[in-house]
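One letter stands for each residue in the lines below.
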Amino acid sequence: MDKFTKLDAVAAPMPLVNIDTDMIIPKQFLKTIKRSGLGVSAFMELRYDTDGNELPDFILNKPAYRAASILVTGDNFGCGSSREHAPWALLDFGIRCVISTSFADIFFNNCFKNGILPIELPQDQVDALMSDAENGANARLTIDLEAQTITRPNGETIAFDVDPFRKHCLLNGLDDIGLTLQKSDKINSFEFTLAAERSWV
Amino acid sequence: MTQAKTLYDKIWDAHVVDEAEDGTCLLYIDRHLVHEVTSPQAFEGLRTAGRPVHAPERTIATPDHNVPTDEARLKVIENEESRIQVEALAKNAAEFGVEHFGIQDQRQGIVHIVGPEQGLTLPGMTVVCGDSHTATHGAFGSLAHGIGTSEVEHVLATQTLIQKKSKNMKVEVTGKVAPGVTAKDIVLSIIGETGTGGGTGYVIEYCGEAIKALSMEGRMTVCNMAIEGGARAGLIAPDETTFDYVKGRPRAPKGEEFDRAVAWWKTLFTDQGAYFDKVVTLQGEDIAPTVTWGTSPEDTAPITGRVPKPSDFEGGKADAVARALDYMGLEPGTALLDVEIDTVFIGSCTNGRIEDLRAAAEILKGKTKKDGIRAMVVPGSGLVRAQAEEEGLAEIFIDAGFEWRMAGCSMCLGMNPDQLSPGERCASTSNRNFEGRQGYKGRTHLMSPAMAAAAALTGRLTDVRDL
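Residues numbered from 1 in each chain as written. Chains lettered and ligands numbered in written order. Predicted model: local features only at pLDDT ≥ 70, side-chain atom pairs only at ≥ 80, totals over all residues.

Attention now moves to the overall build of chain B. The helix and strand tally for chain B stands at 16 helices and 19 strands. When its C-alpha atoms are laid out on the principal axes, chain B stretches across 55 × 55 × 45 Å. Here chain B, with 467 residues, has 61% of them falling under the buried criterion. (Helix = DSSP H or I, 4+ residues; strand = E, 2+ residues; numbered from the N terminus. Buried ≥ 20, exposed ≤ 12 C-beta atoms within 10 Å, placed from the backbone.)

Set out below in structure tokens:
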């Protein structure tokens, strides 16, 4: 997993609420047995017409936003299925940070496993960042994970919360499995007790 | 005196392997269900790192999302990508020592139907799967939720998950529901009330007389859609209905061990005075047969209702509704009873169990679908299919003009050949009405099996109580 430390990038506004994982990556792309290559299909049904031509009105097709690495979105982003193909597709497109008033739990969790930082903020702050993002290529935001701040184009900073363990993993690009396997003794002893107390499990 | 605990608290506490100072826990996973779509990258990760599956005996695999539902699949799966995924699952299961119900096995089916059917899902367990409808298993009073592929790999490698505890939410449905009102109507009404984000950050415990009165299969329908309400998991406290359902299933404990298990399971209830961070109450009497009109599961209305106007809503939701009505091809103010449909789909992990098929067959018995309607029934597992054939239900469906299919996720998610065409309107017993979910530009109305069967007879959305 790539580290996430500091990101200075264009932010694209996607104010629609309830953007679900089927919208982020439609089911036909779930047939892959790889993690990579999904970026070209991200937001497929919003982004292309039936013949595969780009729809010029879709935000990420506009010249100013084609290189966006940050999304500022409507409420309840990433609802629906557990498919990790959604963050894989965003990452492959180049998105490293999503800002919203709320996220669906599973999607939120999946982001951290892939080096994407989801930031949850109150409505007024998301509104402010949404209006920043609407300023085209001038819509650059700076995300500093160590300091837990977002710097707006006008220089103002907004602080955000992040779980300390997840922050640590993102900053260092750490693999969860390796960390957990260091606790093998505890897992083995839990299993020993489980076999004694709830043998039917 | 010990602190009063919720059902969720109790199951959580019984599975904590380790807790860090900041509250991050390592949670033990009792049962891991694996399917072909969200697992290939996880097995590949293990292979690359040279890691084994930590507890293969706690893991079970079956293909469901991708499999075609016609009998030709027993010879070959035509779609190459689907075939590769289904074959990869079989190969990975064999390589890592995981039990696999393959496409030729009668026990194959939708993972969330197979687990309970086999007695692999038991009260008080932690159950995970790389699928958001894992919430289904909460019907047994087991803590069950969907995970992403990285977490699938984590569970395969360590039999644990890194988790922070969610908050407690109670959804109580009081009183009795009227005849013709099913578990599906209850859960759609709950989501209509709480919204799709209402349960975000919570584990929901469903309780109250109307919930307690449900069969195990009805309870599974309710918990299945906890995720559509935003909650990763839904729970119902186990009781005699649960124990009776579990008893005698192939993998359930037997004899003295079953009695010991029941003794523990009986401790799994929310203590008097336990704290819930959020409480929602619905009156069972107020719930009508319910359908969705939009592209979010929260877009519900009683079948006697009308399509709303975008201006009935505020903020971003007003825009979302305008978009949804355009997508669905519906005019505000239209009576839902006047909406004509093209297709009926009965099946899925929400409503693909034997009782669902019985309820639909009850409506269809001795009748025929309206001309021009495409209608299919897809049993949730090979065993459900066999049972329905034995009970004479298959014959009723076939006589009514329905296609009688093999087990799988089918048209619930359009990853296999069963899909809607652009503009095709479907009365569906599945769980999501998202844009494109059942096929590109397909239009989905969610409802109960009886309501879907009724729609097949009339060719439009229909109030089952009028038949």
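This part takes up the overall build of chain A. Scanning chain A from N- to C-terminus turns up 8 helices and 7 strands. A burial count over chain A gives 46% of its 201 residues as buried. By sequence separation, contacts in chain A at least 24 residues apart represent 68% of the contacts at least 6 residues apart. (Contact = placed C-beta atoms within 7 Å.)

A separate point is the packing of helix 13 (residues 354-364) of chain B against helix 16 (residues 449-458) of chain B. All names here are of chain B. Running from N to C, helix 13 and helix 16 point in directions that differ by 30°, and their axes come no closer than 8 Å. As far as their axial angle goes, helix 16 and helix 13 are roughly parallel. For the pair helix 13 and helix 16, the crossing hand works out as right-handed. Here helix 13 contributes Asp-356, Ala-359, Ala-360, Ile-363 and Leu-364 to the contact with helix 16, which in turn contributes Pro-449, Ala-450, Ala-452, Ala-453 and Ala-454. By residue class, the composition of the contact of helix 13 with helix 16 is 9 nonpolar, no polar and 1 charged. (Axes fitted to C-alpha atoms, helices over the stretch in contact; angles between N-to-C directions. Parallel < 35°, antiparallel > 145°, perpendicular 65-115°, else oblique. Left-handed = near helix turned anticlockwise from the far one by under 90°. Nonpolar A, V, L, I, M, F, W, Y, C, P; charged D, E, K, R; others polar.)

Turning our eyes to something else, we now look at the interface of chain A and chain B. Interfaces are frequently sized by the accessible area removed from exposure as the parts join. Opposite the 47 residues of chain A that make contact, chain B presents 59 residues. Within the residue set of the side of chain A that touches chain B, elements represented by two or more residues are helix 1 (21-24), helix 4 (105-112), helix 6 (164-172), helix 7 (176-181) and helix 8 (184-197) of chain A. Its residues assigned to classes, the side of chain A that touches chain B comprises 18 nonpolar, 12 polar and 17 charged.

This next bit is on the nonpolar core. Inside soluble globular proteins, nonpolar side chains tend to come together where they are buried. Ranked by internal contacts, the top residues of the largest apolar core, which has 148 residues, are Val344(B), Ala360(B) and Ala452(B). The dominant element in this core, judged by the number of residues it contributes, is helix 16 of chain B, at 8 residues. Among all residues touching Ala360(B), those that are not within four sequence positions of it are Ile346(B), Pro449(B), Ala450(B), Ala452(B) and Ala453(B). Membership of the second largest hydrophobic core comes to 52 residues, among which are Ala11(A), Met44(A), Leu91(A) and Ala104(A). (Core = buried A, V, L, I, M, F, W, Y, C linked by C-beta atoms within 7 Å.)

On to the sheet that holds strand 5 (residues 99-100) of chain B. All names here are of chain B. In spatial order, the strands read 5-4-3-6-7; together these 5 strands make up an open sheet with parallel pairing. Edge strands, defined here as strands with exactly one partner in the open sheet, are strand 5 and strand 7 (143-146). As defined by bridge partners, strand 4 (residues 59-61) adjoins strand 5 across 2 bridges and the pair is classed as parallel. Looking across to strand 5, one finds that Ile-60 is bridged to Glu-99. (Pairing = 2+ DSSP bridges.)

Below, the discussion takes up the pairing of strand 1 (residues 6-14) of chain A. Examined bridge by bridge, strand 1 of chain A and strand 5 (residues 140-144) of chain A share 5 bridges and lie antiparallel to one another. Note on strand 5 of chain A: the bridge partner recorded for Val10(A) is Arg140(A).

With phi around 60°, Asn76(A) is a residue other than glycine that occupies positive phi space. When you line up the elements, Asn76(A) lands in the loop between strand 2 (70-73) and helix 3 (85-93). Not every positive phi belongs to a glycine, and Lys441(B) is a case in point at roughly 65°. Mapped onto the fold, Lys441(B) is located in the loop between strand 18 (425-428) and strand 19 (443-446).

Before going further, it helps to examine the sheet that holds strand 1 (residues 16-19) of chain B. Backbone-to-backbone hydrogen bonds pair the strands of a sheet. The strands run either parallel or antiparallel. Read from one edge of the open sheet, 3 strands run 1-2-8 (chain B), paired in antiparallel fashion. At either margin of the open sheet sits one strand with a lone partner, and together these are strand 1 and strand 8 (160-163) of chain B. This sheet shows a mean twist of 20° between the axes of neighbouring strands, independent of strand direction. Sitting on the sheet, helix 8 of chain A is in contact with strand 1, strand 2 (25-28) and strand 8 of chain B, with an inclination near 150° to strand 1 of chain B.

Right, let's talk about the environment of Gly316(B) for a bit. Within the secondary structure, Gly316(B) is located in helix 11 (residues 315-328). For Gly316(B), a count of 17 C-beta atoms within 10 Å translates into the label partly exposed. With residues near it in sequence (within four places) discarded, Gly316(B) still touches Pro15(A), Leu16(A), Val17(A), Gly74(A) and Asp75(A).

Our focus in this paragraph is helix 2 (residues 40-49) of chain B. All names here are of chain B. For helix 2, the full list of buried residues reads Pro-40, Gln-41, Ala-42, Phe-43, Gly-45 and Leu-46. If you follow the buried residues of helix 2, they end up packed against helix 3 (80-96) and helix 5 (149-158). Positive phi appears at Gly-50, one or two residues downstream of helix 2, with a value of about 70°.

Right, let's talk about the environment of Pro68(B) for a bit. Residues and elements named next belong to chain B. Along the chain, Pro-68 falls in the loop between strand 4 and helix 3. As a C-alpha pair, Pro-68 and Asn-433 span 365 residues in sequence and 21 Å in three-dimensional space. When sequence neighbours within four positions are dropped, the list of residues in contact with Pro-68 reads Arg-73, Ile-77, Asn-416 and Pro-417.

All names here are of chain B. Interhelical geometry of helix 2 versus helix 5 gives an angle of 50° and a closest axis separation of 8 Å. On the basis of the axis angle, helix 2 is oblique to helix 5. Crossing of helix 2 over helix 5 shows right-handed handedness. From helix 2, Gln-41, Ala-42, Gly-45 and Leu-46 reach across to helix 5, where they touch Thr-149, Val-152, Glu-153, Leu-156 and Ala-157. Its residues assigned to classes, the contact of helix 2 with helix 5 shows 5 nonpolar, 3 polar and 1 charged.

So, about the environment of Pro164(A). With respect to the helices, strands and loops of the structure, Pro164(A) is situated in helix 6. Once the C-alpha coordinates of Pro164(A) and Asp22(A) are considered, the two residues, 142 residues apart in sequence, prove to be 30 Å apart.

Now for the confidence of the model for chain B. Summing up the model confidence of chain B, the mean pLDDT is 97 and the portion of residues at 70 or higher is 100%. Across the interface, the model reports ipTM at 0.93; the global pTM reads 0.95. (pLDDT = per-residue confidence, 0-100.)

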